[in-house]
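What follows is each chain in one-letter form.
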Amino acid sequence: MRRVLNFIILLLSALTVLADDVQFKASAPGQVIVGKPFQLTYTVNQRSKDLRAPEMTDFDILAGPYTSQSSSTSWINGQRTSSFTQTYTYTIVASKEGTFNIPPATITVSSEQYTSNGLRIKVLPPDETPANADNGNNAAGNSNGNTANGGQTGSNVSSDNIFIRTIVSKTHVSEQECILLQYKLYFAGVDVTQFTNNTKLPEYKGFLKQDLEQGEIQTQLEHYNGRNYNTAVLYQTLLYPQHSGDIKIDPAQFEAVLRVQTRAQVRSIFDDFFGSYTNVTRSLTAPGIKITVDALPKGKPAGFSGGVGHFKMNAMLQGSSQQELSVNQNDAVTLKLDITGAGNMKLLKTPAVDFPEGFEEYDPKVTNNYKTTASGMSGTKTIEYLFIPRAAGDYTIPPVSFSYFDTQDKQYKTLQTPEYTLHVKRGAEEESGTIVSNYVAKEDIHQLGSDIRYIYTGTLNATPRWKTFRFGTPSYWLCLLVPLLIAVLLFIIFRRQIRENADVRKVKYKKANKVVQKRLRLAKKLLDENKRDAFFEEIERAVWTYLSDRLSIPTAELNKANIEQILKGKGVEDNMIGQVTDVLATAAFARYAPASSDHDMEDLYNKVVTVFANLKI
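Owing to the predicted nature of the structure, the values given are computational and were not obtained by experimental measurement.

About the cut-offs
Residues numbered from 1 in each chain as written. Predicted model: local features only at pLDDT ≥ 70, side-chain atom pairs only at ≥ 80, totals over all residues. Heavy atoms only, no water. Helix = DSSP H or I, 4+ residues; strand = E, 2+ residues; numbered from the N terminus. Buried < 20%, exposed > 50% of the residue type's maximum accessible area, 1.4 Å probe, protein only. Contact = heavy atoms within 4.5 Å. Areas by Shrake-Rupley, 256 points an atom, 1.4 Å probe, with all protein chains shown as cover. Pairing = 2+ DSSP bridges. Core = buried A, V, L, I, M, F, W, Y, C linked by side-chain atoms within 4.5 Å. Phe/Tyr/Trp six-rings, centres within 6.5 Å; stacked < 30°, edge-to-face > 60°. Axes fitted to C-alpha atoms, helices over the stretch in contact; angles between N-to-C directions. Patch = residues over 30% accessible without salt bridge, like charges linked within 9 Å, V, L, I, M, F, W, Y side chains within 5 Å. Salt bridge = Lys/Arg side-chain N within 4 Å of Asp/Glu carboxyl O. Expected span 1.5 Å × (residues − 1). Arc of directions from axis to C-beta. pLDDT = per-residue confidence, 0-100.

A. Here's a closer look at the overall build of the protein chain. Along the protein chain, the regular secondary structure elements total 9 helices and 31 strands. Buried positions account for 36% of the 617 residues belonging to the protein chain. Excluding contacts between residues fewer than 6 apart, the proportion of contacts in the protein chain whose partners are at least 24 apart in sequence is 73%. Carbon together with sulfur atoms contributes 51% to the accessible area of the protein chain, which is approximately 37500 Å² in total.

B. Layout of the pairing of strand 8 (residues 106–109). Residues Thr106 and Thr108 of strand 8 are buried on one face, and the alternating residues Ile107 and Val109, pointing to the opposite face, are buried as well. Here strand 8 hands over to strand 9 (residues 112–115) after 2 residues, with Ser110 in that stretch at a positive phi of 50°.

C. Local environment of the nonpolar core. Phe535, Ile539, Tyr546, Leu547, Leu567, Val608 and Leu615 are the most contacted members of the largest nonpolar core, which totals 34 residues. Listed by contribution, the elements that provide at least two residues to this core are helix 5 (504–528), helix 6 (532–551), helix 7 (560–569), helix 8 (574–592) and helix 9 (598–614). With 9 residues, the single largest contributor to this core is helix 6. Sequence-distant contacts of Phe535, that is, excluding residues within four places in its chain, are made with Ala523, Leu526, Leu527, Met601, Leu604 and Tyr605.

D. Broad picture of the packing of aromatic side chains. In this structure the tally under the stated criterion is 20 aromatic pairs. Each ring, one from Phe24 and one from Tyr42, has its centre 6.0 Å from the other, and the planes form 35°; the classification is tilted. Here Phe24, found in strand 1 (residues 24–27), pairs with Tyr42, found in strand 3 (residues 38–44); they are 18 residues apart in sequence, far enough to count as distant. Geometrically, the ring pair formed by Phe38 and Phe59 is edge-to-face, given 5.9 Å between the ring centres and 80° between the ring planes.

E. Focus on the sheet that holds strand 19 (residues 252–261). The sheet built from 3 strands is open, its strands ordered 14-19-20 with antiparallel pairing. Looking at which strands have only one partner, the edges of the open sheet turn out to be strand 14 (191–194) and strand 20 (277–286). Adjacent strand axes in the sheet meet at a mean angle of 40° when their direction is disregarded. Summarising the sheet, strand 19 and strand 20 pair through 10 bridges and their orientation is antiparallel. Residue pairing in the sheet places Gln253 in a bridge with Thr285 of strand 20.

F. Quick peek at a nonpolar patch on the surface. A cluster of nonpolar residues, Trp477, Leu480, Leu481, Leu484, Leu485, Val488, Phe491 and Ile492, forms a patch on the protein surface that exposes about 800 Å² of accessible area. Take Leu480: it is sitting in helix 4 (residues 474–502). The exposure class of Leu480 is partly exposed, given its relative accessible area of 43%.

G. Broad picture of helix 6. The end-to-end C-alpha separation of helix 6 is 29 Å, in line with the 28 Å expected for 20 residues at 1.5 Å each. Most of helix 6 is tucked away, with 16 of its 20 residues classed as buried. In the segment just after helix 6, Ser552 is the residue with positive phi, at about 55°.

H. Spotlight on the sheet that holds strand 8. The sheet built from 3 strands is open, its strands ordered 4-8-9 with antiparallel pairing. Whereas interior strands pair on both sides, the edge strands pair on one side only; in this sheet they are strand 4 (49–52) and strand 9. Strand-to-strand twist of the sheet, defined as the mean angle between neighbouring strand axes without regard to direction, takes the value 25°. Here strand 4 pairs with strand 8 via 2 bridges, running antiparallel. Across the sheet, the residue bridging to Arg52 is Thr106, located in strand 8.

I. Seen up close, helix 7. All of the buried residues in helix 7 are Asn562, Ile563 and Leu567. All buried residues of helix 7 fall inside an arc of 130° around its axis, so they share one side. Of the residues in helix 7, the exposed ones pointing more than 90 degrees away from the buried face are Ala561, Gln565, Lys568 and Gly569. Downstream of helix 7 by one or two residues, Gly571 has phi in the positive range, about 80°.

J. Region of the structure containing the pattern of salt bridges. This model, assessed by the stated rule, comprises 15 salt bridges. Ionic pairing is found between Arg541 and Glu537, a salt bridge with its closest N-O pair at 3.2 Å. Within this pair, Arg541 and its partner Glu537 are both found in helix 6, separated by 4 residues, close to a single helical turn.

K. Representation of the pairing of strand 30 (residues 411–416) in the model. Direction of pairing for strand 29 (residues 401–406) relative to strand 30: antiparallel, over a ladder of 6 bridges. Counted as the bridge partner of Tyr404 is Lys413 from strand 30. What sits between the antiparallel neighbours strand 29 and strand 30 is a turn of 4 residues, in which Lys410 has the positive phi angle 55°.

L. Focus on unusual backbone geometry. Phi at Ser111 takes a positive value of approximately 70°, unusual for a residue other than glycine. On the secondary structure map, Ser111 appears in the loop between strand 8 and strand 9. Among the residues examined, Ser111 registers a relative accessible area of 73% and is labelled exposed. Despite not being glycine, Gln176 has its phi angle at roughly 70°, a positive value. The buried category is assigned to Gln176, whose relative accessible area is 13%.

M. Layout of the confidence of the model for the protein chain. For the protein chain, the average pLDDT comes to 77, and 78% of its residues sit at 70 or higher. This stretch, residues 15–19, has a pLDDT under 50; its non-local contacts, to residues over four places away or in other chains, come to 8 contacts. The low-confidence segment residues 131–155 (pLDDT under 50) makes 57 contacts with residues lying over four places distant or belonging to another chain.

Right, dumping it as C-alpha cells:
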C-alpha cells in the first residue's frame, strides 16, 4: 500500500512538472580572466534531451557537459508543490581579452525545441605583475590604508591587496552641475567577510548632497593597474557644487572585516590539516579629491533662476495643445507646464505667468516626479496654473519662459510656450441683462386676496406727500444733495482702491504679513505631522515670498548677495541680516541633507517666526 501511495505521488509530481511552462536558461559570470576556467550552466525545469550548445569561437571547452537532476515535492496546508531541475554544466576558458557574446543554445522537451538566452561576458587580461609587486597604489584616487587592528594579519594583507578609491564622474564642472561620487573597495588575495563598519564620511562642504539607494553590496571583477581585483561600491552619492572655485572633498574612513589565517603554534594534526582562522578589522582611508568648479558665464537670461542640466518644456491649455480656446465667463481654466529632463531638478523655480488684467489667478500646483540614479536626478516637474476670466472678450496669454544653463552645450538656453488666445464668452445671466440675485424667491410671494376692493367715499384730512417736498424747501434740497454727496464719496473711494490695486507691488507689500502668517500656519501643521520635505519647502517658500513682496523684487531675481545689500540700504542691523541669510541657508540645505530630527525642524520654525517678528522693512 505504501509503495502504491509513493507511486501516485511521483506520478502527480511528474504530471505537474509537465504542466508547467518550460524555462530554459543559460548562466555564467559576467567577468572572467584570460586563462582561468569558469563554468557555463544551462538549466531547464523539465526533463529534456538533445542539448545543442552554440559554437563558441572566443572560448575553449575544457570539459562537459556534466548532467545533474534534482526534484522536490512538498505539502503545505494541504497544497502540494513540486519542482524539477535538469542542469548541464560546461567548463570553458577564454583565450583573449575583450567582450564576447555566447549565442543561445537549444534543447528538446517533449518533442518540442526550446531556445535559451544568450550571454555577454567581459574577459579581463591576466595580472601583469606578481601579487606582491606595487600595484600603483600611489596613483591619485587610491588609499594606502592603515595597519590592521588586532590579530596576526600575515604578510599577504597589505595596502597592495586591499584599498579604497575615491571615484568621481567629473573633476571639472560648472556650478550646480551633478557629480557622481563613489567609494569603491578593491581587494585581491584576501577574504572580506564584512565590507563596511564604522563609516565616517566628510561633510561635503560647498555641495548639496543627494544620496543614492545602496541596497545589497555586490562584487565584480575589475582590472586595475595591471592586476585583477574584486570590487564593491561601498557608498555613492550625487553632489551639486554651490559656488565656483576649487572645492576639496576630505578623506573618508571605512572599516572592513577580514578572515585571515593565524600563525599560532600547531597543537594537533587537525589544526595543521584544517588551519586556524580569525576575523580582523582593517581600517581603510578613501583619499580626498579636489573638484574644480567654473562659475556660470555672464549674460544670464532674464528668466534664469538657477536651473542647470538639460531640459525640455511642454505646455497644454485646458488639456489641449491647441493655441486657441473658447470658454465661458467665470469658468476655471488650467495652464499646465511639464519641465522634463536631467539636472538639479529640486532647485528649479516655478516660472511666472503674466496673465491679462481681469483674470483671477491662484497659487500654482506643483507636482514633482523625480528619480535619482547614478547618472543624476531626472524626471518631470509639472506645474498647473488655475485662473478664472471674470470678463468677456478676447485675451492673449503671453509665452511662458524657462531659462537654464545647458551642461551639454555649455550655454544658456531659454524654452518658451506658445502664445495662447482665449475667447471668453459672456455668461447667460449677462446676456439677458438681469441679475439673478434680484429675483424674489417664490416662497416670499403671498396671495393677498381675490375680491374687489370698494372705493372709499369719505373725507380725507391727510396732507399730500408731494407738498412736503416742494421746490426750494429744505427737504427738497436735502433729497437732492445727499445722493450727490454719496455718489462723489463713492467715486473717490473706488477710484483710490482702483489706483492702489493697480499697483501690484504695493498690494503685495501690504499683504506680505498676512501671506507669511498663512504659510507659517501651514508649516506648523506639516511640522506636527512630521512631513519633513514639505515642511522645509514651505519654510523656504515663506521666507523667499515675504522678502520678494516686502522688497518689491521678483523672486527669480533674489539671491543672498542682493538681499544683504538691500537690507543694509534700508537700515537693517547686521545681526538681523545675518539671521535672515542663516534661515535661508539652513532651509535650503536641510531639504536635501539627510533626515533631520524633530528638534531641528522645530528650532528652524521658531527661528523663522522670530525673524519675521523682528524684521522691520
